[in-house]
Amino acid sequence: MNETTTDTSETLDSAIAVIGMSGRFPGAPDLDAYWQNLVGGVCSISDFTEEELLADGADPAETGGRDYVPSKGYLAGADRFDPALFGFNRAEAAVLDPQHRLLLETAWAALEDAGHDPLDAPPRTGVYVGGGVTEHMLAAQTDPKLAAQIGALQVRILTDREFLAPWVSYRLGLDGPSLNVQTACSTSLTAIHLAAQALLLGDCDTALAGGVAVDTVRKRGYVHYQGGIFAPDGRCRPFDERSGGTVPGNGVGVVVLRRLADALADGDPVRAVIRGSAVTNDGSARVGFTAPGVDQQTAAVVEAWTAAGLDPADAQYVEAHGTATELGDRIEASAATAAFKGALGTGSIGLGSVKANIGHLDAAAGVAGLIKTVLMLEHATLAPTAGAGRPHPELALEDSPFHVVDSARPWPQPERGPRRAGVSSVGIGGTNVHVVLEQAPQRPASPRPPAATGPEILLLSARTQEALRAVAGRLATALRAPGAPSLADTAHTLRFGRTPQPVRAYVLAADHAEAASRLAELAEGRAMSTPAGADELNALGEAWLREEHKPWPGQGRRTALPTYPFEGESFGALGLDTRRQEPAAPAQQEVPGDDLEQSVRALLADALGLDASHDPELTYFAAGGDSLTAVHLVGCLRDDFDLDVPLTLFLEQLTLHEMARQIVAGRDPDESLDALLSEFEAE
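### What about the packing of helix α2 (residues 31–39) against helix α16 (residues 365–379)?
Their axes nearest at 11 Å, the elements α2 and α16 cross at an angle of 80°. Regarding the angle of α2 to α16, the classification is roughly perpendicular. Along the contact surface, α2 presents Leu31, Tyr34, Trp35 and Leu38, while α16 presents Ala368, Ile371, Lys372, Leu375, Met376 and His379.

### Here we look at the confidence of the model for the protein
When the pLDDT values of the protein are averaged, the result is 88; 90% of them are 70 or greater. Taken together, the stretch residues 1–7 has pLDDT below 50 and engages in 27 contacts with residues farther than four places along the chain or on a different chain.

### Focus on unusual backbone geometry
Even without glycine at this site, Ala324 takes up a positive phi of about 70°. Inspection of the secondary structure assignment puts Ala324 in the loop between β12 (317–319) and α14 (326–339). Residue Ala324 is classed as buried on the basis of its relative accessible area of 1%. Residues other than glycine seldom take positive phi values, yet Ala380 does so here, at roughly 50°. By the secondary structure assignment, Ala380 is in the loop between α16 and β14 (381–382).

### Focus: α14
For α14, built from 14 residues, the straight-helix expectation of 20 Å at 1.5 Å per residue is met to within 8% by its first-to-last C-alpha distance of 20 Å. Looking only at α14, the buried set comprises Gly328, Asp329, Ile331, Glu332, Ala333, Ala335, Ala336 and Ala339. On its buried face, α14 is in contact with α13 (294–307), β15 (402–404) and β17 (420–426).

### Quick look at the pattern of salt bridges
What the rule picks out here adds up to 31 salt bridges. In this structure, Glu514 and Arg518 form a salt bridge, with 3.2 Å as the shortest nitrogen-oxygen distance. With Glu514 and Arg518 both in helix α19 (residues 512–523) and 4 residues apart, the pair spans about one turn of that helix. The class for Glu514 is partly exposed, based on a relative accessible area of 24%. Since its relative accessible area comes to 11%, Arg518 is described here as buried. Counted as one network, the salt bridges with shared partners bring together Arg124, Asp205, Arg259 and Asp262.

Each value, and the rule that gives it
Here the residue numbers are simple positions, counted from 1 along each chain's written sequence. Per-residue local features are limited, in this predicted model, to residues with pLDDT of at least 70; the limit for side-chain atom pairs, both in listing and counting, is 80 or more; totals at the level of whole chains, interfaces and linings are taken over all residues. Side-chain numbers here rest on the full set of heavy atoms in the structure, without hydrogens or water. To get an axis, fit a line to the C-alpha atoms, keeping to the stretch in contact for a helix; angles then go from 0 to 180 degrees between the N-to-C directions. Only DSSP runs of H or I covering at least 4 residues are called helices, and only runs of E covering at least 2 are called strands; the numbering of each starts at the N terminus. Angles are sorted into four bins: roughly parallel if under 35 degrees, roughly antiparallel if over 145, roughly perpendicular if 65 to 115, and oblique for all others. Any two residues whose heavy atoms approach within 4.5 Å at even a single point are treated as in contact. On a range of 0 to 100, pLDDT expresses the predictor's confidence in each residue. Working definition: with a 1.4 Å probe on protein chains only, accessible area under 20% of the residue-type maximum means buried, over 50% means exposed, and in between means partly exposed. What a helix is expected to span follows from its residue count: subtract one and scale by 1.5 Å. Counted as salt bridges are all cases of a side-chain nitrogen of Lys or Arg within 4 Å of a carboxyl oxygen of Asp or Glu.

Shown next as structure tokens:
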């Protein structure tokens, strides 16, 4: 067995640190819930009643069919979004595809988990992500009324998966490479491989990588076809004698990556290490385009472990693609057996697939498996494949290096070297990916000041008072938990690893118990007392409340803390059966001046998603307008009202009501001249 560890300089030059993670999966709104479900062997695939399906708009002719299976890895809350946090107006938020919404929030949370301010991320941060085709995207891009309202190009930019990575880069201000990755079911693990390669090549210094899959936000099952890939009973049982196919699911996951040497030097919270990765394609060596192949799956595993400077026999666990289809499992078992044949003894390597727990997440499947494996490494615990029974006899696992993990069990430290695992993903079209993971190196003790400095100041902020209370409550819970980070590291991360927002508070505390108690008071809306002898810190806290910038005392380093509690309301999603009717062609007609100005105001409000109660002093950009919407409005004003308006008008700092007045005044050059002369005379 190879004895290479993360302590060698060679490893530091070639290894990638996972410093942050975030995800939302069926049955799990965050990674804490995800881990509890995994270690508990929970199957989070939902079974819907016919009433639930019909209430969510399902076709009764389909749901009543004998081959309809009312099950899915359903992602609750996939229609919710916090648009103001990302600078979207309500009209844009309603059109923005749910995949984009979820990916933006998950990218934000992943950076926070890494201890970085999402709007002040490290320079040269890249984005490598991919997603699937969605019902919302198809409906939006074929809706003529929507195109008339905000413009066809704007609809495409807000809904097409082609713009998943660019929206994250734009809204978070990330200036590294921004790439969409599409390799079908292996998309997100391929994205992670490409991000790791980009870091090693110096294309970027930090990278966000992962994927998202939300084909629909509605409760839906699927139709089972004999010989198809979907299970007849709504359960996915990888490598099991009862296996009959996979079950679709929705989810999103993002990891934050840095070169290991940089992460250690900067004190980042390393959660695991990527030692190597590889991508292959089966080419034509398979029975059909959608079928997998043995040889190149084997090659992907061997090449990844070779890139890591290790032998596949160094693995103690493999997270497989594991779709539970007859052909897929058989080929994957054969390929893995060939790749890991040097393992010490039959059944020495644990085998599992998270698809049994949450279903097949398509473009997000690989990152779901990788995050699962990182969590197992962190907790030194092997999580079971949900509902695992006896292995399928045709897979011959009893003569292989593998045993299916069927119950939670400790993951013992190997005699030589750290815990190591492989993660595999296979895409329709033949793209195979394998990533070699290793437990994080032990973090040195946090630096301490030479003498006690008294209480720490914990700075909190959010967009609303309700969100601020949620921030305080989450942090109180985290500081009560076993293994909670030091107060110095907590204070440091809150100062430098969070985006300052308008609603603010601060807490002074000398230890974890006091901090948790005061945070709980804040979360419950109770008045907090001020500790004696903390006048200087109180002054800094008051300056924080006034949004003044002050030098902060103390020292610490980044640590993982609870992330922002997004307050998203439901923005729904379009369906192919809910598209709007073709609008009637607008008739150009003379409209009296006052009525015309009112109509122009209504057009501006409609394009910006504003209701009648909006602030009349809002400017165009403060209301969420941008250059693309301005181009659309210029066209609408010309086509609907015969008004020629210069695009530069939308760049001026005018209230929307003043903008409407100037648009109407500009219709007649003589009227504009008269108005200008009147202003001169008045002066």
